[in-house]
Amino acid sequence: MKDGLFIKPHIIIPFHELEVTTSRSGGPGGQHVNKADTRVTIRWNVKNTSALDDNQKARVLRNLQSSLTMDGDFIINNSSSRSQHLNKKAALEILANKVRAALHVPRERVETSIPQGVRESRFKSKKHRGTIKSLRRKHYRDDE
C-alpha cells in the first residue's frame, strides 16, 4: 500500500488519483467532536483513472452507476470512529471492496438436462404417492 490502493493483482489505484478530505463528524464525542476533523471523504474519478483498462472502466461505471456523480466521481464517506486515521483506513477498505465487487465477472451458467433415470424415478415416486393417497379415500358402492 506504499504507492497505491491494492484492489486485485495488476490493479492498484495510485494514491495521487484519490482525493482525501476531512471534515467535522457528527454524533457523540463531546467537545472533541467540535474541534477535530475526524470524518474522512475519499473521492476517486473512475472515468479518468489510469488503474483500469477500458473494459474494466466500463464494468465499474455500469455496476456503480447509482453511486457515481455526473462527473464519474465515486465518493466514500466514513465517520464510524473518533479517530481520523481509523476512518481513513476504513474508507479505503470500503472503496477497495466496492471496486472489487464492481469488477467481479460472474461465471456463465451452463444449462444442464435432467438425466432420464432421475426423471423416471421422480415420476415413479409421484405415482406411488398418488396410489397411497387414493387408497385412503372412502369408496362408496353404487349398487346399495
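Residues numbered from 1 in each chain as written. Predicted model: local features only at pLDDT ≥ 70, side-chain atom pairs only at ≥ 80, totals over all residues. Heavy atoms only, no water.

Novice: So what exactly am I meant to see when it comes to the overall build of the chain here?
Specialist: Helix and strand content of the chain: four helices and five strands. Reading the helices (α) and strands (β) of the chain from amino to carboxyl end gives β-β-β-α-β-α-β-α-α. Relative to the compact-globule value of 15 Å for 144 residues, the chain shows a C-alpha radius of gyration of 29 Å, a clear excess of over 25%. When the backbone C-alpha atoms are referred to their principal axes, the chain occupies close to 95 × 45 × 30 Å. For the chain, with 144 residues in total, the buried portion stands at 26%. Within the chain, residue pairs in contact and separated by at least 24 positions form 57% of the contacts whose partners lie at least 6 positions apart. In the form shown here, the chain has an accessible surface area of approximately 11,200 Å², with 50% of it arising from carbon and sulfur atoms. Charged side chains of the chain number 28 positive and 15 negative; the gap between the two group centres comes to 7 Å. (Helix = DSSP H or I, 4+ residues; strand = E, 2+ residues; numbered from the N terminus. Rg over C-alpha atoms; globule rule 2.2 N^0.38 Å. Buried < 20%, exposed > 50% of the residue type's maximum accessible area, 1.4 Å probe, protein only. Contact = heavy atoms within 4.5 Å. Areas by Shrake-Rupley, 256 points an atom, 1.4 Å probe, with all protein chains shown as cover. Lys, Arg positive; Asp, Glu negative; His and termini not counted. Charge placed at Lys NZ, Arg CZ, Asp CG, Glu CD.)

Novice: Before we go on, may I ask you to explain the sheet that holds strand β4 (residues 39-45) in this structure?
Specialist: Working definition: the strands of a sheet are paired by backbone hydrogen bonds and lie parallel or antiparallel to each other. Pairing within the open sheet is antiparallel, and its three strands lie in the order β3-β4-β5. Each of the sheet's edge strands pairs with one partner strand only, and the pair in question is β3 (18-23) and β5 (73-78). The mean angle between the axes of side-by-side strands here comes to 20 degrees, regardless of whether they run parallel or antiparallel. Sheet contacts for helix α3 (residues 84-103): β3, β4 and β5; angle to β4, the most-contacted strand, approximately 35 degrees. (Pairing = 2+ DSSP bridges. Axes fitted to C-alpha atoms, helices over the stretch in contact; angles between N-to-C directions.)

Novice: Where do I start with the nonpolar core in this structure?
Specialist: Grouped burial of nonpolar side chains is what soluble globular proteins tend to show. If you look at the biggest cluster of nonpolar residues, it comprises 23 residues, and the most contacted ones within it are Leu5, Ile7, Leu18, Trp44, Phe74 and Leu95. For this core, the secondary-structure elements that each account for two or more residues are β1 (4-8), β2 (11-14), β4, β5 and α3. Of all the elements, α3 adds the most residues to this core, at seven residues. (Core = buried A, V, L, I, M, F, W, Y, C linked by side-chain atoms within 4.5 Å.)

Novice: Got a minute to help me understand unusual backbone geometry in this structure?
Specialist: Glycine aside, a negative phi is what most residues show, and trans is what most peptide bonds show. The backbone of histidine 10 shows a phi angle near 75 degrees, a positive value even though the residue is not glycine. Locating histidine 10 in the fold gives a position in the loop between β1 and β2.

Novice: Sorry if this is basic, but what is going on with the environment of alanine 51 here?
Specialist: With respect to the element layout, alanine 51 can be found in the loop between β4 and α2 (54-63). Sequence-wise, alanine 51 and proline 14 are 37 residues apart; in three dimensions their C-alpha atoms are separated by 7.2 Å. Residues within four places of alanine 51 in sequence aside, it is in contact with Ile11, Ile12, Ile13, Pro14, Glu17 and Gln56.

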